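Now for the letters of each chain:
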Amino acid sequence: MLVIGLISGTSVDGIDTALVEISGTVESPQVQLLAGETYPYSPRLRETILQVCGGEKLDLEALASLDDDIAEEFAQAALNIQKETPKAQLIGSHGQTVFHRPPANDRLGYTVQLGRGAAIAKNTRIPTISNFRAADIAQAGHGAPLVPKIDAYLLSHPTKARCVQNIGGIGNLTYLPPRKTENWQQNIFGWDTGPGNVLIDLAVQFLSQGQQTYDHNGQWSAQGQPCSELVHKWLQEPYFQQYPPKSTGRELFSPAYLAQLHQDAQAYSLSDADWLASLTDLTAISIAHSYQTFLPEMPAEVLLCGGGARNAYLRQRLLAHLGSNVKLLTTDELGLNSDFKEAIAFALLAYWRWHNFPGNLPQVTGAKAAVLLGEIYL
Ligand SMILES: Nc1ncnc2c1ncn2[C@@H]1O[C@H](COP(=O)(O)OP(=O)(O)OP(=O)(O)O)[C@@H](O)[C@H]1O
Ligand SMILES: CC(=O)N[C@H]1[C@@H]2OC[C@@H](O2)[C@@H](O)[C@@H]1O[C@H](C)C(=O)O
């Protein structure tokens, strides 16, 4: 089956679009990436999305327009990738997260992904599945992360324990015990580790007065020295100590949060490069600390994906904190494109929904049951 996966993640940089051919069975899928493209948002739409993510108020009319502007760009992304490819039978669209509130006590979580599937189906004339997180949330789950079950089916090893670490705007991991382990599927874990690139990106934008949006290959932060005293103070953030299941977003790691970290840096008279190095080190330690605190064992291999895998300084700090027993690779080295892995995942989640196969892992999201994910718009 030919399926298109669409997602714009928490970096809000554009629509990752993957056309994949899925064969095999639902329980043993084979996935081949036929085409992958990222279509950047128009600068105005990106700006509006970031404002809404930052808590800017908008009335229902404006919300409806934003929902459909995003759906239109998603549909266009699907049509663009179809210009020179065979016709897809299905689209799986994650949409754009603009709000995420994890469940607390007896209150269900609430998550909003804009870019309604009905409009994408109408504009592309391809059946579209969207709103993947809602059914898990209704089961008292976090609705995130959803990629762990995909990682499990595509990247686990028969005898080695592996982690897959996505470094997008937010970071999240999947722990994959050796596939030969008894009750293998029940022992897969996953959660959001905290900031991926979000704090580094916000700081670079602030320091460059909007001229740069990210630290290309980590070159700027590599010129500085992390201030370990500050990094350890920042690690006291309660999210890092919170026991999984857990998920987070730009609501916590926000411009206001960064402003506090900037004040701290000024109190320590850090240079710009030292501040960036410290934020990069915080990102790396928060990931490594999460492994050391919550995993049953350290993995033999960590497979990186997401844009942060290209940040050489971040990789270097991550390796330093994970320890030399851990081998750091990218998913590309195992044949799964690290830039389009999330788009591929939503293509496969759509395929699973189409074939009535549950997409969530209850022990990862905290849901009471494994359920079918996504709403179908024919
Ligand atoms: N060459 C590079 N050097 C350093 N950082 C990079 C490079 N290329 C991409 N990035 C970082 O990766 C980010 C985009 O990553 P990605 O597309 O994986 O995020 P996302 O999918 O939006 O987020 P999430 O996975 O949280 O939903 C950019 O904002 C930038 O910070
Ligand atoms: C609510 C939401 O959009 N969460 C995203 C975000 O980006 C990374 C991390 O936080 C992850 O939990 C999730 O996305 C991926 C695709 C997931 O569901 O696995």
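Residues numbered from 1 in each chain as written. Chains lettered and ligands numbered in written order. Predicted model: local features only at pLDDT ≥ 70, side-chain atom pairs only at ≥ 80, totals over all residues. Heavy atoms only, no water.

Describing the pairing of strand β3 (residues 28-40)
Then, number 1: Across 12 bridges, the pairing between strand β2 (residues 14-25) and β3 is antiparallel. Looking across to β3, one finds that Glu21 is bridged to Gln32. (Pairing = 2+ DSSP bridges. Helix = DSSP H or I, 4+ residues; strand = E, 2+ residues; numbered from the N terminus.)

Looking at the site of ligand 2
Then, number 1: Taken together, 16 residues form the shell around ligand 2, and within it Thr97, Arg133, Leu146, Val147 and Asp192 come nearest.
Then, number 2: One of the side-chain nitrogen or oxygen atoms of Asp192 is found 2.6 Å away from an oxygen atom of ligand 2.
Then, number 3: When isolated, ligand 2 has an accessible area of 440 Å², and the protein chains bury 97% of it.
Then, number 4: Listing elements by their share of the shell around ligand 2, those giving two or more residues are β4 (90-101), β8 (170-176) and α12 (341-354).
Then, number 5: Per-element tally for the shell around ligand 2: the top contributor is β4, with three residues.
Then, number 6: Among the residues forming the shell around ligand 2, the class breakdown is six nonpolar, seven polar and three charged. (Near = heavy atom within 4 Å. Polar contact = N/O pair within 3.5 Å; in protein donor to acceptor, adjacent residues only side chain to side chain. Areas by Shrake-Rupley, 256 points an atom, 1.4 Å probe, with all protein chains shown as cover. Nonpolar A, V, L, I, M, F, W, Y, C, P; charged D, E, K, R; others polar.)

Some remarks on the pairing of strand β11 (residues 327-330)
Every regular strand shows the same layout, with side chains that alternate between the two sheet faces.
Then, number 1: When strand β10 (residues 301-305) meets β11, the two strands line up parallel, connected through four bridges. Across the sheet, residue Leu304 finds its bridge partner in β11, namely Thr330.
Then, number 2: Running through helix α11 (residues 312-322), the crossover from β10 to the neighbouring parallel element β11 is right-handed. (Right-handed = clockwise from strand over helix to strand, strands pointing away.)

Considerations on the packing of helix α10 (residues 272-294) against α11
Then, number 1: Relative orientation of the contacting elements α10 and α11 amounts to 40°, with a least axis distance of 8 Å. When the axis of α10 is compared with that of α11, the two are oblique. As for the relative orientation of α10 and α11, their crossing is right-handed in sense. The residues of α11 that touch α10, namely those facing Ala277, Thr280, Asp281, Thr283, Ala284, Ile285, Ile287, Ala288, Tyr291 and Gln292, are Tyr313, Leu314, Arg317, Leu318, His321 and Leu322.
Then, number 2: For the contact of α10 with α11, the residue count by class is 10 nonpolar, four polar and two charged. (Axes fitted to C-alpha atoms, helices over the stretch in contact; angles between N-to-C directions. Parallel < 35°, antiparallel > 145°, perpendicular 65-115°, else oblique. Left-handed = near helix turned anticlockwise from the far one by under 90°. Contact = heavy atoms within 4.5 Å.)

Remarks on a nonpolar patch on the surface
Then, number 1: Together, Leu58, Leu60 and Leu63 line one region of the surface with nonpolar side chains, adding up to about 270 Å² of accessible area.
Then, number 2: Within the element layout of this structure, Leu63 appears in helix α2 (residues 60-81).
Then, number 3: According to the relative accessible area criterion, Leu63 is partly exposed, its value standing at 32%. (Patch = residues over 30% accessible without salt bridge, like charges linked within 9 Å, V, L, I, M, F, W, Y side chains within 5 Å. Salt bridge = Lys/Arg side-chain N within 4 Å of Asp/Glu carboxyl O. Buried < 20%, exposed > 50% of the residue type's maximum accessible area, 1.4 Å probe, protein only.)

Some remarks on the environment of Ile4
Then, number 1: Within the secondary structure, Ile4 is located in strand β1 (residues 2-8).
Then, number 2: Between the C-alpha atom of Ile4 and that of Asp106, which follows or precedes it by 102 residues, the distance is 37 Å.

Re unusual backbone geometry
Then, number 1: Along the chain, Ala144 connects to Pro145 via a cis peptide bond; the corresponding omega equals -10°.
Then, number 2: Mapped onto the fold, Pro145 is located in the loop between α4 (134-138) and α5 (147-155).
Then, number 3: Residue Pro244 is joined to Pro245 through a cis peptide bond whose omega torsion reads 0°.
Then, number 4: Note on placement: Pro245 falls in the loop between α8 (238-241) and α9 (255-267).
Then, number 5: Positive phi outside glycine occurs at Gln209, with the angle close to 50°.

Here's the deal with the UniProt feature "binding site: ATP" (unreviewed entry) in the protein
Then, number 1: Feature annotation in UniProt assigns "binding site: ATP" (unreviewed entry) to the following positions: Gly9, Thr10, Ser11, Val12, Asp13, Gly14, Ile15 and Asp16.
Then, number 2: The residue Thr10 is located in the loop between β1 and β2 in this model.
Then, number 3: Of the residues examined, Thr10 reaches a relative accessible area of 22% and is grouped as partly exposed.
Then, number 4: Beyond its immediate stretch of four places on either side in the chain, Thr10 contacts Gly169, Ile170 and Arg250.
Then, number 5: From its side chain, Thr10 meets the backbone nitrogen of Gly169 in a polar contact 3.4 Å long.
Then, number 6: By the secondary structure assignment, Asp16 is in strand β2.
Then, number 7: Judged by its relative accessible area of 14%, Asp16 falls in the buried class. (UniProt positions renumbered as here; feature names shortened; annotations may be inferred.)

Some details on α11
Then, number 1: Those residues of α11 not exposed but buried are Tyr313, Leu314, Arg317, Leu318 and Leu322. The arc that holds the buried residues of α11, viewed along the axis, is 160°, so those residues lie on one side.
Then, number 2: Contacts from the buried residues of α11 go to β7 (162-167), α10, β10 and β11.
Then, number 3: Immediately beyond the C-terminal end of α11, within one or two residues, lies Gly323, with a positive phi of roughly 100°. (Arc of directions from axis to C-beta.)

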